[in-house]
Amino acid sequence: MNASVSREALDTRDRPARLTVGVVGAGRVGPALAASLQLAGHRPVAVSGVSDASVRRAAALLPDVPLVTPAEVLARAELVLLTVPDDTLPGLVEGLAETGAVRPGQLLVHTSGRYGTQVLDPALRAGALPLALHPAMTFTGSSVDVQRLAGCSFGVTAPEELRLAAEALVIEMGGEPEWIAEESRPLYHAALALGSNHLVTLVAQSMDLLRQAGVGAPDRMLGPLLGAALDNALRSGDAALTGPVARGDAGTVSAHIRELRAHAPQTVAGYLAMARATADRALDHGLLKPESAEALLGVLSDGGAANGTNGPGASGPGEKR
């Protein structure tokens, strides 16, 4: 289809025209998005993947869709999903453009959180229509991902003339478009990584420590606690801060650090960094009083070497929150 037809078909209708869909990079994201588009009436026609895991994912989520080379995906599809790692994307786009694989009027959609549409400039010069649609969701590579797209926010960056097309495609996948400026994409992506990727590390470390402490089902213990903490944080922000750092319990924090050094020294640096960040936010929002913070900050600055068990920052009975 040519560029003018593509824009008219995609921008002026309530729903995009039915499109043939191709996937370059059958990782965890691409097959799920293509399967979701298929539910909306689009037709996956080609997928590329190299690893055995990619081949299995494509077969599971896109049965009967042929596995071909990236160039052949572009030859067959009107809408192409470029779902490759961030560091691979610029070279892939340049290579596809240089070899003439990109066709005028073809929709090229990448799913990188880091990049906006400028990374697609080589394809744009070849006549492609560039979109950046990043689902703010963690993917498993299974059919459950398609269900999770319902209500999922997408970080969207698109040229003005393609904004309606981008919005329509996101809505068809069950998502909610959130517009991100080109220059804000790296910050947007850093925010998501901080909240999501680091959360997995923190939870895994917590589960490991609970096992060491003799807890038989750390997942069952943490589930309600973490669920409530997340809900409170999303509802109330910094007002949801609680625990020994937020209340200035220097002695408790010092004891934590000693135990971590003894049983899981690899977790100390992360504990100290998060404790300092928590203390700063608690101070800024008036939850931690300066007079209570002095001993706590001293413990954090010397990495728990000092014994603050009964220091001035420790709470008395009934003060825990």
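Residues numbered from 1 in each chain as written. Predicted model: local features only at pLDDT ≥ 70, side-chain atom pairs only at ≥ 80, totals over all residues. Heavy atoms only, no water.

## Things to note about the overall build of the protein
Rules: Helix and strand assignments come from DSSP, with helices taken as H or I runs of at least 4 residues and strands as E runs of at least 2, each series counted from the N terminus. Throughout this description, buried means an accessible area under 20% of the type-specific maximum (1.4 Å probe, protein chains only), exposed means over 50%, and partly exposed covers the range between. Note on definitions: a residue-residue contact is assigned when non-hydrogen atoms from the two residues lie within 4.5 Å.
Counting its regular elements, the protein contains 14 helices and seven strands. A burial count over the protein gives 42% of its 321 residues as buried. In the protein, the share of contacts with a sequence separation of at least 24, taken over all contacts with a separation of at least 6, comes to 63%.

## Observations concerning the environment of E294
Along the chain, E294 falls in helix 14 (residues 290-301). For E294, a relative accessible area of 63% puts it in the exposed group. In the structure, E294 is positioned 44 residues away from A250 in sequence and 8.8 Å away in space, judged by C-alpha atoms.

## Thoughts on helix 14
The periodicity of an α-helix, 3.6 residues per turn, causes residues three or four positions apart to be oriented the same way. The criterion, for reference: A helix's residues, less one, multiplied by 1.5 Å, set its expected span. Relevant arc is that of directions from the helix axis to the C-beta atoms, nothing else.
Taking 1.5 Å of rise per residue, twelve residues should cover 16 Å, and helix 14 covers 16 Å from first to last C-alpha, within 8% of that figure. The set of residues buried in helix 14 consists of A293, L296, V299 and L300. The buried residues of helix 14 occupy an angular sector of 120 degrees when projected down its axis, which confines them to one face. The exposed residues of helix 14 that point more than 90 degrees off its buried face are P290, E291, E294 and S301. Looking at the buried residues of helix 14, the elements they touch are helix 11 (244-247), helix 12 (250-263) and helix 13 (268-284).

## With respect to the pairing of strand 6 (residues 153-157)
Just so we agree on the cut-off: Here a strand pair is declared whenever DSSP counts at least two bridges between the two strands. With the strands aimed away from the viewer, a crossover counts as right-handed if its path from the first strand over the helix to the second runs clockwise.
A large share of strand 6 lies buried, amounting to four of its five residues. As judged from the four bridges shared by strand 6 and strand 7 (residues 176-179), these two strands associate in the parallel manner. For S153, the partnering residue across the bridge sits in strand 7 and is E176. What joins strand 6 to strand 7 is helix 8 (residues 163-172), and the crossover it makes is right-handed.

## A closer look at the confidence of the model for the protein
Keep this limit in mind: Confidence of the predictor at the level of single residues is given by pLDDT, which spans 0 to 100.
Looking at the protein, pLDDT values average 90 and 89% of them are 70 or higher. Under a pLDDT of 50 for its full length, residues 1-14 has, in the predicted model, 28 contacts with residues more than four places off or in other chains. Contacts of residues 306-321 to residues separated by more than four positions or lying in other chains number 28 contacts, the stretch itself having pLDDT below 50.

## Here's the deal with the pattern of salt bridges
Spelled out, the test is: Any Lys or Arg side-chain nitrogen found within 4 Å of a carboxyl oxygen on Asp or Glu counts as a salt bridge.
Counted by the stated rule, this structure contains eight salt bridges. Of the charged contacts in the structure, one is a salt bridge between D231 and R235, with a shortest N-O distance of 2.8 Å. In this pair, D231 and R235 are both assigned in helix 10 (residues 218-236), four residues apart and thus about one turn of the helix distant. On the basis of relative accessible area, R235 is assigned to the exposed category, the value being 67%.

## Describing the sheet that holds strand 7
Defined as follows: Fitting a line to C-alpha atoms yields each axis, with helices limited to the stretch in contact; the angle taken between N-to-C directions then spans 0 to 180 degrees.
If you trace the seven strands from one edge of the open sheet to the other, you get 2-1-3-4-5-6-7, paired in mixed fashion. The strands lining the two open edges of the sheet, one partner per strand, are strand 2 (43-48) and strand 7. Ignoring strand direction, the axes of neighbouring strands in this sheet form an average angle of 25 degrees. Lying over the sheet, helix 8 contacts strand 3 (79-82), strand 5 (129-135), strand 6 and strand 7, oriented at roughly 145 degrees with respect to strand 7.

## As for the environment of G100
Looking at where G100 falls in the secondary structure, it is placed in the loop between helix 5 (89-98) and strand 4 (107-110). Sequence separation between G100 and A126 is 26 residues; the distance between their C-alpha atoms is 8.0 Å.

## Concerning the nonpolar core
Rules: What makes a nonpolar core is a set of buried Ala, Val, Leu, Ile, Met, Phe, Trp, Tyr and Cys residues whose side-chain atoms join them at distances within 4.5 Å.
Core analysis: the largest hydrophobic core is formed by 33 residues, its most contacted members being L37, L62, L79, L81, L131, L133 and F154. Broken down by secondary-structure element, the contributors of at least two residues to this core are strand 1 (20-24), helix 2 (30-39), helix 3 (52-61), strand 3, strand 4, strand 5, strand 6 and helix 8. No other element matches the five residues that helix 2 contributes to this core. The residues touching L133, leaving out its near neighbours within four places in the chain, are V109, H110, T111, F154, G155, V156, A166, L169, V170 and M173. By size, the runner-up hydrophobic cluster in this structure holds 22 residues, among which are V68, L108, Y115 and A128.

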